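Residue strings, one per chain:
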Amino acid sequence: MQPFIKEEEEYIKSKLVELGYEIKEVVLNVSSRPELGDYQFNGIMGLGKEYHKNPREIGQELVDLIKKDNKYKDINMAGPGFINISFSDEKLIKHANELNDNISINYQIDNPRTIFLDYGGANVAKALHVGHLRSANIGEALKRLAASLGNKAIADAHLGDWGRPIGLVMLELKKEHPDLPYFAENYKGEYPKESPVTNEDLMRMYPIASSKAKEDEEYMNEAREITAKFQSGDRGLIALWNHIMAVSKKDIKDSYDRLNTTFEVWEGESDADKYVPEMIEYLEKKRLVEDSQGARIIEVKEENDDHEVPPLLLVKSNGALSYETTDLACIWERMHKWKPDEIWYLTDSRQALHFEIVFRAAKKAQIVNEDTNLEFIPFGTMNGIDGKPFKTRDGGTMKLDDLLDLATKECEKRILPNISGKERENIANKVGISAVKYADLLPFRLTDYIFDPVKFSDLQGKTGPYLLYSTIRMKSLLSKANEENIAYKKVKVISDEYQRNIMVALLNINNVLLKSFESRSLNDICEHLYKITNIYNNFYYQNRILTETDKDKRETWLTLTKIVYDNNCKMLDILGIEVPDRM
Ligand code: ARG
């Protein structure tokens, strides 16, 4: 089935053709002046230019022709040629009932693709921090949106599990416990089953090691050495690596779980690394690799570059592999294993050049197909109230869990006093996550925003908690109707403007989804959710739904409540926000 607005757009296009005007596409937008119509079409001015005709003349021809079909409640022209349309009650009722049968009719796309997403990137042995928050929130929501539109979407956690952070922790452990068997040369025995470190140890040791390495050249060299040693497969260090991985991965998983962030694939840089030798052999055979002062590089600059694009450093002069090489090998692996049509990467914009180099090399070397879409999806920064990147009070980087705790505590104050114990904790966490996620997804993706837990948890504002509170209220209204055995099967009448506004807002779902999908930004969905919830609440305050004596009205209102409830649940789910039973 065609989404409602699309169908109308095609109808108007056919009418223009009938009048002799060719137009690429007709786009209907929600009216900026609702007093003139539900939707508006602004393409007439363009046609006027093209056909050297007064646009108002074309507009009038169109209005006159369409009026003959008696299809709309109203169609009129305003200003230089804006066409305003109001839909008939029958049409609105029919559409609402279709949504009532299946809320998913608007969830479709013309060419479904296989999309691979890379929005994890947590580093093993280090705590997740606020920098990982936005990639997780936006990435997870984009994955859910892509999948709900019919694409095949696969996300990979892509753990940073093969680099220096682990070397640093190993070194610090060695300093503290030099006698552990993992560090003994020529040790032939079995290694302990029990991990020598807990996650708390890792969290304590990494910052120590990292600052020592910054201050002390000798220490840094040792860290490089131990990193190179585990990377080349040293038996003891690999046994230790496995322990660190298991401990850290569990902690990372818990943090992502709390954020409702899921990955279909849990691989990491170490998995990509296995493909480096065969990839390098392939690249050498293709004669794409050059020597540069002892290093092996691939040139990727292009003639019309307006900024400098350095070559991809494939193998450093000391034999070590670069971050770029790992990402190129990772594309190699993904193309072989999952054959995606697209790969999307979410990190902050500081990695833009890195991905530009990697993508160019992948295309140049035909590691991907010509039409494979490799896409870098950056985002703005989350700032503190001072407008600078969010920090702890003493200026450090805040751990993700601590940040989520701030929001959760704030939300906890706002939930019902009679909810207690474990349930209270669970609900506070869900509401807290909704506050953080909604605030994170509401601004356009590239826009910076300020982390303000008090504002984010306001039950009255444009916030996650407001949406949850309203959505739960819809659900409890429906439960009460069920308890009182009030049946509601269909939308039957349009009784007032408040109700009509809901039905008009429902028309726009498909457009909102497609817009968010195309811009890779969830802001349109967030705005739509807020708008329809607000419109619903205005209607709710206007009417006493359960005690309404006109049965058709009561049935209609309950059915509409169910449709808006279904819509909200589905959209909140795309945003990765869970709706608790009560709050
Ligand atoms: N681990 C990296 C970091 O914390 C992010 C990884 C992003 N993904 C990628 N394929 N490079 O900065």
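Before going into details, it helps to say that this report is about the structure given with it. (Residues numbered from 1 in each chain as written. Predicted model: local features only at pLDDT ≥ 70, side-chain atom pairs only at ≥ 80, totals over all residues. Heavy atoms only, no water.)

1. Examining the overall build of the chain
Quick reminder of the rule: The helix and strand labels rest on DSSP assignments: H or I over at least four residues marks a helix, E over at least two residues marks a strand, and numbering proceeds from the N terminus. Exposure categories follow from relative accessible area, calculated using a 1.4 Å probe and restricted to protein chains: below 20% of the type maximum is buried, above 50% is exposed, and the middle band is partly exposed. Accessible areas in this description were obtained via Shrake-Rupley with a 1.4 Å probe; residue shielding takes into account the shown protein chains only. Asp and Glu are treated as the negative residues and Lys and Arg as the positive ones, with His and the ends of the chain left uncounted. The atom standing in for a charge is NZ when the residue is Lys, CZ when it is Arg, CG when it is Asp and CD when it is Glu.
Check the secondary structure of the chain and you find 21 helices and 13 strands. For the chain, the spread of C-alpha atoms along the principal axes amounts to about 90 × 65 × 40 Å. Within the chain, the proportion of its 583 residues that are buried is 54%. Just so you have it, the chain exposes about 27,300 Å², and 48% of that area is on carbon and sulfur atoms. A distance of 3 Å separates the average location of the 80 positive side-chain charges in the chain from that of its 96 negative side-chain charges.

2. Observations concerning the pairing of strand β5 (residues 114-118)
Counted only if it meets this: Here a strand pair is declared whenever DSSP counts at least two bridges between the two strands. Whether a crossover is right-handed depends on one test, that the path from the first strand over the helix to the second runs clockwise when the strands point away from the viewer.
The buried count for β5 comes to five of five residues, which makes it a mostly enclosed element. Burial along β5 is two-sided: the residues T114, F116 and D118 and I115 and L117 are all buried. Looking at chain direction, β5 and strand β6 (residues 152-156) are connected through five bridges and run parallel. Paired with D118 across the bridge in β6 is D156. You can see the chain leave β5, run along helix α5 (residues 131-148) and come back into β6, and the turn it takes is right-handed. Pairing geometry for β5 and strand β10 (residues 342-345), over four bridges, is parallel. When the bridges of β10 are listed, D118 appears paired with Y345.

3. Here we look at the site of the ligand
Definition in use: When at least one non-hydrogen atom of a residue lies within 4 Å of a molecule or strand, that residue is treated as near it. Pairs of N or O atoms are called polar contacts if they sit within 3.5 Å, as long as, within protein, a hydrogen donor faces a hydrogen acceptor (for residues adjacent in sequence, only side-chain-to-side-chain pairs). Residue classes follow a fixed rule: Ala, Val, Leu, Ile, Met, Phe, Trp, Tyr, Cys and Pro count as nonpolar, while Asp, Glu, Lys and Arg count as charged, and any other residue, Gly among them, counts as polar.
What surrounds the ligand is the set D118, G121, N123, H132, H158, Y323, D327, Y345, T347, Q351 and F355. At 2.7 Å from a nitrogen atom of the ligand is found a side-chain nitrogen or oxygen belonging to Y323. Note that a nitrogen atom of the ligand is positioned 2.8 Å from one of the side-chain N or O atoms of D327. When the ligand is considered free in solution it has 350 Å² of accessible area, and contact with the protein chains removes 84% of it. A class-by-class count of the residues in the shell around the ligand yields three nonpolar, six polar and two charged.

4. Details of the pattern of salt bridges
We count it as follows: For this document, the term salt bridge refers to a Lys or Arg side-chain nitrogen within 4 Å of an Asp or Glu carboxyl oxygen.
Enumeration over the complete set of coordinates arrives at 52 salt bridges. In this structure, R144 engages E140 in a salt bridge whose closest nitrogen and oxygen atoms are separated by 2.8 Å. Of this pair, R144 and E140 both sit in helix α5, separated by four residues, roughly a single helical turn. Residues R144 and E140 agree in their burial class; the two are buried. Between K492 and E555 there is a salt bridge, with the nearest N and O atoms lying 3.0 Å from each other. With a gap of 63 residues between them, K492 in the loop between α17 (464-483) and α18 (497-506) and E555 in helix α21 (residues 551-575) connect regions that are remote in the sequence. Take E555: its relative accessible area is 12%, and that puts it in the buried class. A network of salt bridges, in which partner residues are shared, links E140, K143, R144, E264 and D573.

5. Comments concerning the side chain of S457
Short version of the rule: Contact definition: two residues touch when any of their heavy atoms are within 4.5 Å.
Note that S457 resides in the loop between α16 (453-456) and α17. For S457, a relative accessible area of 1% corresponds to the buried category. If we ignore the near neighbours within four places in the chain, the residues touching S457 are E410, C411, R414, A435 and P465.

6. Regarding the layout of surface pockets
To keep things clear, this is the line we draw: Only protein atoms enter the 1 Å grid, on which a cavity is a set of points fitting a 1.4 Å probe that cannot get out and a pocket is an open set with protein on both sides within 12 Å along at least 5 of 7 lines, lining residues being those with an atom within 4 Å of a point. Grid points are joined across faces, edges and corners, and a volume is the space filled by probe spheres set on the points.
Its volume calculated, the second largest pocket comes out at about 670 Å³. Lining the second largest pocket are 24 residues, with E9, V27, L28, N29 and N511 sitting closest to its centre. Looking at the lining of the second largest pocket, the elements that each hand over two or more residues are α1 (4-18), β1 (28-30), α19 (509-519) and α20 (523-542). Examining the composition of the lining of the second largest pocket, we find that six residues originate from one element, α19, more than from any other. Here the residues of the lining of the second largest pocket sort into eight nonpolar, five polar and eleven charged.

7. Points about empty space enclosed by the protein
Enumeration over the complete set of coordinates arrives at one cavity of 30 Å³ or more. The computed volume of the largest cavity comes to approximately 40 Å³. Forming the walls of the largest cavity are R134, I138, D440, L441, P443, R445, R520, S521 and L522. Classifying every residue of the lining of the largest cavity by side-chain character gives four nonpolar, one polar and four charged.

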